[in-house]
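Structural description and commentary
So you can see what is in the structure, the chains are spelled out below.
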Amino acid sequence: MNSAAYDPTAPAEDLPAHTLKILVAGGFGVGKTTLVGAVSEIRPLRTEEVLTDASVGVDDLGGVERKTTTTVAMDFGRLTFSGGVRLYLFGTPGQERFWFMWDQIAYGAVGAIVLVDTRRLPTSFASIDFFENRGIPFVVAANVFDGARRYTTEDIADALDLDPDVPVVLCDVRHYDSAKNVLIRLVEHALQSATA
């Protein structure tokens, strides 16, 4: 067991003052598992399985042909900020056949990151609709893939037909600082939404 795991006998000053549940959602292969792994201070829980021939014709591998694994339940990680704020990160599965789990995973979430791949924007519409329909604050994070064309945040917001108050940020989820900045922007946005 990780030494940073919850300890009910720990002194009160070691326990976080605030815990927030955050979702990481988006289409298949956009980098959700990578984001959770990049920022988690604990070894992340991953429910990845190898893609098999059974997924042929079921999962759309367009644009991610080299992908060999897929999340079948969720990813889980944790990040604690100074000042006693602890984020619990839940990465959702991206394929349509696993969307039935999203309501359960989303229960109690204060906000979400919708991770997008600008080469495959239509894969993000289901996530955006999900959070808009449930009134869960979210930010859109465009994962900057190697070799992909670069767009401004304004272009991405227009292409996704986002409400003007939905923040859009560029990121590289492989890097801790970039992924952490997305989380900070989401927490700021969720707090603003809660006080509006």
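Here, every reference points to the structure presented above.
These notes cover the structure that comes with them. From a predicted model like this one, the values you see are computed outputs, not experimental measurements.

Closest axis-to-axis distance for the helix 1 (residues 32-39)/helix 5 (residues 176-195) pair is 9 Å, and the angle between their directions is 100°. The pairing of helix 1 with helix 5 is recorded here as roughly perpendicular in orientation. Contacts between helix 1 and helix 5 involve Leu35, Ala38 and Val39 on the former and, on the latter, Tyr176, Ala179, Lys180 and Leu183. Tallied by class, residues from the contact of helix 1 with helix 5 come to six nonpolar, no polar and one charged.

Note that Ala38 resides in helix 1. In this structure Ala38 touches Val173, Arg174, Tyr176 and Ala179, once residues within four positions along its chain are discounted.

Now for empty space enclosed by the protein. Under the definition given, this model contains one cavity of 30 Å³ or more. Volume-wise, the largest cavity comes out at about 70 Å³. Along the walls of the largest cavity sit Thr118, Ala142, Asn143, Val144, Ala148, Arg149, Arg150, Tyr151, Ile156 and Leu170, which together make up its complete lining. Of the residues assigned to the lining of the largest cavity, the class counts are six nonpolar, two polar and two charged.

Right, let's get into the nonpolar core. Formed by 26 residues in total, the largest nonpolar core has its most connected members in Leu23, Phe131, Phe138, Val140, Leu160 and Leu162. Among the elements of the structure, strand 1 (18-26), helix 2 (102-106), strand 6 (111-116), helix 3 (125-134), strand 7 (138-143) and helix 4 (153-160) are those that each provide at least two residues to this core. By size, the runner-up hydrophobic cluster in this structure holds 22 residues, among which are Val36, Leu89, Cys171 and Val173.

Definitions and limits used
- Here the residue numbering is sequential within each chain, running from 1 through the sequence in written order.
- Given that the model is predicted, a residue must reach a pLDDT of at least 70 before its local features are reported, and side-chain atom pairs must reach 80 or more before they are shown or counted; all residues, however, enter totals for whole chains, interfaces and linings.
- With hydrogens and water excluded, all non-hydrogen atoms of the structure serve as input to the side-chain values.
- Axis definition: a line fitted to C-alpha atoms, limited for helices to the stretch in contact. Angles are taken between N-to-C directions and run from 0 to 180 degrees.
- A run of H or I in DSSP becomes a helix once it reaches four residues, and a run of E becomes a strand once it reaches two; helices and strands are each numbered from the N terminus.
- Orientation labels follow simple angle bins: below 35 degrees gives roughly parallel, above 145 gives roughly antiparallel, 65 to 115 gives roughly perpendicular, and whatever is left gives oblique.
- Throughout, a residue-residue contact means that at least one pair of heavy atoms, one from each residue, lies within 4.5 Å.
- Each residue gets one label: Ala, Val, Leu, Ile, Met, Phe, Trp, Tyr, Cys and Pro are nonpolar, Asp, Glu, Lys and Arg are charged, and the others, such as Gly, are polar.
- Lining residues are defined by having an atom within 4 Å of a point belonging to a cavity or pocket. Those points lie on a 1 Å grid over the protein atoms alone, cavities being sets where a 1.4 Å probe fits but cannot get out and pockets being open sets with protein on both sides within 12 Å along at least five of seven lines.
- Grid points are joined across faces, edges and corners, and a volume is the space filled by probe spheres set on the points.
- What is meant by a nonpolar core is a set of buried Ala, Val, Leu, Ile, Met, Phe, Trp, Tyr and Cys residues, joined one to another through side-chain atoms within 4.5 Å.
- Any residue under 20% of the maximum accessible area for its type is buried, any over 50% is exposed, and the rest in between are partly exposed; the area is computed with a 1.4 Å probe on protein chains only.

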